[in-house]
Amino acid sequence: MDLRIFTEPQQGATYDTLLTVAKATEDLGFDAFFRSDHYLRMGAADGLPGPTDAWITLAGLARETKRIRLGTLMTAGTFRLPGVLAIQVAQVDQMSGGRIELGLGAGWFEEEHKAYGIPFPKEKMARLEEQLAIVTGLWATEAGKTFDFHGTYYELTDSPALPKPAQRKVPVLIGGHGATRTPRLAARYADEFNIPFGSIEDTERQFGRVRAAAVEAGRAADDLTYSNALVVCVGKDDRQVARRAAAIGREVDELKTNGLAGSPAEVVDKISRYAAIGTQRIYLQVLDLDDLDHLELIATQVQSQLR
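On a predicted model such as this, the values are computed, not experimentally measured, just so you know.

**Q** Please provide a residue-by-residue account of helix H3 (residues 82–96), values included.
**A** Along its 15 residues, H3 runs 21 Å from first to last C-alpha, staying within 8% of the 21 Å computed at 1.5 Å per residue. When we look at burial in H3, the residues that qualify are Pro82, Leu85, Ala86, Val89, Ala90, Val92, Asp93 and Ser96. Burial along H3 is one-sided: seen end-on, the buried residues are contained in an arc of 165 degrees. Elements in contact with the buried residues of H3: helix H2 (54–64), strand E4 (75–76), strand E5 (100–105) and helix H5 (124–140). Within two residues after H3, Gly97 carries a phi angle of roughly 75 degrees, on the positive side.

**Q** Which residues make up the pairing of strand E1 (residues 2–7), and what values go with them?
**A** For E1, the tally of buried residues reaches 6 of 6 residues, placing the bulk of the element in the interior. Side chains Asp2, Arg4 and Phe6 project from E1 onto one buried face, and the interleaved Leu3, Ile5 and Thr7 project onto a second face that is buried too. Pairing of E1 with strand E2 (residues 32–35), which is carried by 3 bridges, proceeds in the parallel orientation. What sits directly across from Ile5, in E2, is Phe33. Once the chain exits E1 it traverses helix H1 (residues 15–27) before rejoining the sheet at E2, and the crossover so formed is right-handed.

**Q** Describe the environment of Cys233, and please don't skip the residues or the numbers.
**A** On the secondary structure map, Cys233 appears in strand E10 (residues 225–234). For the pair Cys233 and Arg80, spaced 153 residues apart in sequence, the C-alpha separation works out to 33 Å. Not counting the four nearest positions on each side in its chain, Cys233 is found in contact with Val241, Arg244, Ala245, Leu255, Leu260, Ala261, Gly262 and His294.

**Q** I'd like a description of helix H10 (residues 264–276), backed by residues and values.
**A** Count 3.6 residues to each turn of an α-helix, and residues three or four apart come out pointing the same way. Over its 13 residues, H10 extends 18 Å from the first C-alpha to the last, a length consistent with the 18 Å expected when each residue adds 1.5 Å. For H10, the full list of buried residues reads Pro264, Val267, Val268, Lys270, Ile271 and Tyr274. Looking straight down H10, one finds its buried side chains confined to an arc of 165 degrees; they lie on one side. Facing away from the buried side of H10, by more than 90 degrees, are the exposed residues Ala265 and Ala276. Just past H10, the residue Gly278 takes up positive phi, approximately 115 degrees.

Conventions adopted
- Residues numbered from 1 in each chain as written.
- Predicted model: local features only at pLDDT ≥ 70, side-chain atom pairs only at ≥ 80, totals over all residues.
- Heavy atoms only, no water.
- Helix = DSSP H or I, 4+ residues; strand = E, 2+ residues; numbered from the N terminus.
- Expected span 1.5 Å × (residues − 1).
- Buried < 20%, exposed > 50% of the residue type's maximum accessible area, 1.4 Å probe, protein only.
- Arc of directions from axis to C-beta.
- Contact = heavy atoms within 4.5 Å.
- Pairing = 2+ DSSP bridges.
- Right-handed = clockwise from strand over helix to strand, strands pointing away.

Purely spatial values, then, with no claim about function.
Structure follows, in structure tokens:
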């Protein structure tokens with residue numbers, strides 16, 4: 001099982017905090033550091049000192065780290081024009097030496113759009129499909145040739161389709177719980193399919209839909225990597241688990257039901273249950289970014305048992 005660290009900086013984090021966590025992620029042997037792409041805090045968090053931009057953050061981390069992969073869960077399709085996004089991701093991939101992955105979603109948090117004057121269209125999924133076609137089409141265009149796209153929402157004419165990423169193909173992540181359009185988009189464009197905060201039963205059901213959609217699209221179902229994103233709260237004992245749960249404003253029982261919480265043995269057991277239904281990778285949603293001892297405990301007591 002591949003474990004990755006996943007952060008939610010809109011809840012309150014500076015770039016320096018994210019850099020510290022990313023370096024700890026690398027030093028402790030985790031495979032990757034991912035972050036959300038939001039501009040407004042959620043729930044009771046104060047969100048101070050304010051949001052950081054996902055791709056500016058990843059550009060900085062690309063130069064400050066050496067091994068870990070870097071990416072988004074998920075970049076909001078409403079935030080960026082697809083041609084501009086293709087340039088941004090390709091540039092950051094070059095800056096990292098080929099360690100970038102793009103999670104791209106339709107966008108959903110209407111309040112942050114209102115707060116920062118970002119249009120929030122009704123037809124988000126149809127736009128996402130065109131965005132995926134454009135971003136992947138630009139990267140796949142042979143050097144020296146041009147790319148054209150004529151869709152309902154976007155028009156590109158004689159694009160030089162530059163710059164190119166350092167990787168031959170930047171991995172694309174698509175995720176969600178939608179029963180029809182989401183599996184179809186994943187089958188066509190994704191290298192990885194991610195279920196955010198889903199139960200084992202819901203995960204198994206959605207993975208089955210994606211696998212079936214892949215076969216229908218002419219791909220082998222195993223061409224995709226299948227992953228989950230789950231909140232994590234691990235402690236050496238019950239008191240430490242309770243303290244960490246309180247620090248993020250959650251209840252222990254709820255975290256054990258909906259995430260990965262408890263002792264290292266409990267968390268390893270639950271991860272093993274996800275692995276049994278096809279999960280190959282888990283993004284550990286770390287909500288207290290100042291608790292680096294938490295990351296060390298996960299690395300030494302959980303990750304070490306899954307290799």
